[in-house]
Amino acid sequence: MESILSEALSRTGLLYLAGLWLLSRLVRAMYNISPFHPLSHIPGPRLAALTFLYEAWFDLILGGRYTREIQRMHEVYGPVVRINPEELHFNDINFVDEIYATGKRKRNKQVHFLNFLAGPVAEAMVGAADHDHHRLRRSAANKFFSRAQISKLESGIKELAEQLCTKLIRLGTKDGKPLDVITAYSCFTSDVISGYCFGEPFGFVQQEGWEPNFRHALNALLGPIFVFRFFPPLRLVVDAMPFLAKWLREDVRDLLIESNEKMPDQIRKARREHEMGITPSRPAIFHTLVASNLPEHEKTDRRLGGESFAFMTAGTETTAWTLTVTTFHLLNKPELLSRLAQELDENNAINLSWVELEKLPYLRAVIAEGLRLSYGVTPRLARIAPDERLIYCGRFQGRDLTYAIPPGTPMGMSTVINHHNEDVFPDSHTFQPERWLQADEARRRRMDASFTPFSRGSRQCLGMNLAYCNLYVALTALTVRVLPRMKLYDTSVEDVTYDHDLFVPMPRRGSNGVKVVIS
């Protein structure tokens, strides 16, 4: 009898706690849409202000489609919209330097956004929410990504680009089978960044085929990002996964091996070589970081392993996708390829340095247009001004707008929306390198201001110079040696058109990628 009573009381207690939790959620939701909320004066859907479930419907249920919904909100509500209970989104490039500030103006990251990171990667620079914490981590790596430092890598990047071209021609003409070019390009970009991180590339370009490569681990990393963002406690599962490896899908196992074994092993190897006084023959980021003046808790195998995985991820996919998008459009419009090839031939571009290649106007325009339509990362990148009250002034439908933004408010922009601003980039979905050559000075300033593939501010993409070097060197080699022999195979513009977010831009579901044959 006593045990039955105890069980009944425990059930009652659990129901009571659940009721209290539900009541607290309801009270919070009502506060979110009340006049007392500090963002109550900002327009937007009431349901979005009420609960994060509105965002979850588009990203978690429909699959990465909230950016498209945000774009619709701007059309209805204006240049500033409230997109969830705590966050604002802006569609006015004049405000970009307030959101993504530089210098001593602090900008934190939003925890809600960072919740998609799990495992060792959550301890990387990209996962640092606090401005000062991020600055500490970034300061140790900044010097490795200066233009001067990247120029020292150029000969190695050129060598890998030549090996990529030779392999594409050899395998393409050997069996005539269609190839998804991003697989080949990702082997090149992975070898560049891995060689810089650890002193030796992973060897994806030199191996006989295109498999294995780093994309399998990357795809597994990106797959659950929305689940983790809206159910953060599930991130703890990632640390338990090594014990469940034999029951997991192959791509998830690949991710675990890369993040929990291979990357920490590389860090341990770098640490041993430093302790033994061995200096790598090539520049190596992590050989230097293990010996840096970072605090010891910032140099653990797990944290630096997560940092190296983050570097590999950022250095592989975005540049490979830009090369893929650019390749498609050049092959789809042969007249553009002919013009680019002519410029490269007339200037003996294959023998020019990166700095000299940047001075070729049509090549520069092609790369800018490729970046514009490949975006970098596509979700909004929210920033928080912890100690500033910002004032936004703008216009919408003939009305002047003034909004006060309270300190601590997450604010963001989306590259996809910036790059498809029809007032700045007319016919924005069309690949038109000429737009960068024909613009007058005023329009060019607006285009440059709206061009955000590497974001802006103190948290701008660390690897921007490396990405540019890769693009100039690789596209030159490909245009001279491979693209004239390449043809699209069962591929349309939909296969490179942005459809939804998975942190990186994704084409329509069911796309088989950009496939080519080489003669």
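These figures come from a predicted structure and were not determined experimentally. (Residues numbered from 1 in each chain as written. Predicted model: local features only at pLDDT ≥ 70, side-chain atom pairs only at ≥ 80, totals over all residues. Heavy atoms only, no water.)

Spatially, the three strands line up as an open sheet ordered E4-E12-E9, and their pairing is antiparallel. Each edge of the open sheet is held by one strand with a lone partner, namely strand E4 (179-180) and strand E9 (486-488). Where E4 and strand E12 (residues 515-518) come together, two bridges link them in antiparallel fashion. By the bridge assignment, Leu179 is partnered in E12 with Val516. Packed onto the sheet, helix H16 (residues 301-332) meets E9 and E12 and runs at close to 90° relative to E9. (Pairing = 2+ DSSP bridges. Helix = DSSP H or I, 4+ residues; strand = E, 2+ residues; numbered from the N terminus. Contact = heavy atoms within 4.5 Å. Axes fitted to C-alpha atoms, helices over the stretch in contact; angles between N-to-C directions.)

Attention now moves to the sheet that holds strand E5 (residues 383-384). Taken in spatial order, the five strands of this open sheet run E1-E2-E8-E5-E3, and their pairing is mixed. Strands at the two margins of the open sheet, each flanked by one partner only, are strand E1 (80-82) and strand E3 (108-109). As judged from the two bridges shared by strand E2 (residues 88-90) and strand E8 (residues 410-412), these two strands associate in the parallel manner. Looking at E8, one finds that Leu88 is bridged to Met411. The sheet strands contacting helix H4 (residues 66-77) are E1 and E2, and the helix crosses E1 at an angle near 120°.

Segmenting the protein chain into domains produces domain 1 (1-33) and domain 2 (42-518). With four residues of domain 1 at the contact, the number on the domain 2 side is five residues. Summed over both partners, the interface of domain 1 with domain 2 buries about 410 Å², with 53% contributed by carbon and sulfur atoms. Of all residues in domain 1, the largest losses of buried area upon contact with domain 2 belong to Ala29, Asn32 and Ile33, amounting jointly to 97% of the total for that side. Counting across the interface, domain 1 meets domain 2 through three residue pairs in polar contact (both at pLDDT 80 or more). (Domains from an automatic or database assignment. Buried area = accessible area lost by both parts, 1.4 Å probe. Polar contact = N/O pair within 3.5 Å; in protein donor to acceptor, adjacent residues only side chain to side chain.)

Our next topic: unusual backbone geometry. Residue Glu211 is joined to Pro212 through a cis peptide bond whose omega torsion reads -5°. Structurally, Pro212 is set in the loop between helix H10 (181-198) and helix H11 (215-222). Backbone geometry places Phe503, a non-glycine residue, at a positive phi of 70°. Along the chain, Phe503 falls in the loop between strand E10 (500-502) and strand E11 (504-506).

Let's shift gears to the pairing of strand E7 (residues 399-405). In the sheet, strand E6 (residues 390-396) pairs with E7 via seven bridges, with the strands oriented antiparallel. In the sheet register, Phe396 faces E7, and the bridge partner there is Arg399. Between E6 and E7, which pair antiparallel and follow one another directly, the connecting turn spans two residues, one of which, Gln397, has a positive phi of 50°.

The side chains of a regular strand alternate, residue by residue, between the two faces of the sheet. Of the two faces of E12, the one holding Val516 and Ile518 is buried and the one holding Lys515 and Val517 is not buried anywhere. Here three bridges tie E9 to E12, and the two strands are oriented antiparallel to one another. Residue pairing for E12: Met486 is matched across the bridge by Ile518. (Buried < 20%, exposed > 50% of the residue type's maximum accessible area, 1.4 Å probe, protein only.)

Where H16 contacts helix H19 (residues 361-372), the axes come no closer than 8 Å and their chain directions differ by 115°. Relative to H19, the element H16 is oriented roughly perpendicular. In this structure, H16 crosses over H19, and the sense of that crossing is right-handed. For the pair H16 and H19, contact is made by Thr322, Val325, Thr326 and Leu330 and by Val366, Gly370 and Leu371, respectively. Classifying every residue of the contact of H16 with H19 by side-chain character gives four nonpolar, three polar and no charged. (Parallel < 35°, antiparallel > 145°, perpendicular 65-115°, else oblique. Left-handed = near helix turned anticlockwise from the far one by under 90°. Nonpolar A, V, L, I, M, F, W, Y, C, P; charged D, E, K, R; others polar.)

A few words on the pattern of salt bridges. All told, the structure shown has 30 salt bridges when counted by the stated rule. In this structure, the salt-bridge partner of Arg137 is Glu298, at a minimum N-O distance of 2.7 Å. In this pair, Arg137 sits in helix H7 (residues 131-141) while Glu298 sits in the loop between helix H15 (285-289) and H16, placing the two residues 161 residues apart along the sequence. The class for Arg137 is buried, based on a relative accessible area of 8%. Glu298 sits in the buried class, given a relative accessible area of 2%. One salt bridge in this structure joins Arg303 and Glu307, with 3.0 Å as the shortest N-O distance. Placement of the pair is Arg303 and Glu307 together in helix H16, with a separation of four residues, close to one helical turn. Shared partners join several salt bridges into a network, and the residues in it are Glu98, Arg105, Arg107 and Glu388. (Salt bridge = Lys/Arg side-chain N within 4 Å of Asp/Glu carboxyl O.)

Bringing the nonpolar core into the picture now. Phe90, Leu168, Tyr185 and Phe188 are the most contacted members of the largest nonpolar core, which has 132 residues in total. Here the element with the most residues in this core is H16; it accounts for twelve residues. (Core = buried A, V, L, I, M, F, W, Y, C linked by side-chain atoms within 4.5 Å.)

We now examine the side chain of Lys109. Along the chain, Lys109 turns up in strand E3. If near-sequence neighbours (up to four positions away) are discounted, Lys109 is found in contact with Leu114, Val126, Ala128, Ala129, Ala382, Arg383, Ile384 and Arg459.

Under the UniProt annotation, "binding site: heme" (unreviewed entry) lies at Cys461. Here Cys461 lies in the loop between helix H22 (441-450) and helix H23 (464-481). Here Cys461 is in contact with Arg138 and Phe454, once residues within four sequence places are set aside. (UniProt positions renumbered as here; feature names shortened; annotations may be inferred.)

Using the criterion set out here, one finds 22 aromatic pairs in the structure. Both rings, one in Phe95 and one in Tyr392, keep their centres 5.4 Å apart while their planes meet at 85°; by these two values the pair is edge-to-face. Of the two residues, Phe95 sits in the loop between E2 and helix H5 (96-99) while Tyr392 sits in strand E6, which places them 297 residues apart along the sequence. Of the two residues, Phe95 and Tyr392, neither departs from the other in class, the shared state being buried. Ring plane angle 70° and centroid distance 5.9 Å describe the contact between Tyr375 and Tyr498, whose orientation is recorded as edge-to-face. In this pair, Tyr375 sits in the loop between H19 and E5 while Tyr498 sits in the loop between E9 and E10, placing the two residues 123 residues apart along the sequence. An aromatic cluster is present here, built from Phe144, Phe145, Tyr196, Phe198, Phe202, Phe204, Phe286 and Phe311 joined pairwise through their rings. Here Arg147 stacks its cationic end above the ring of Trp354, 4.4 Å away from the centre of that ring. When the ring centre of Trp210 is taken as origin, the NZ or CZ atom of Lys167, which lies over that ring, is 4.2 Å away. (Phe/Tyr/Trp six-rings, centres within 6.5 Å; stacked < 30°, edge-to-face > 60°. Lys NZ or Arg CZ within 6 Å of the ring centre and 35° of its normal.)

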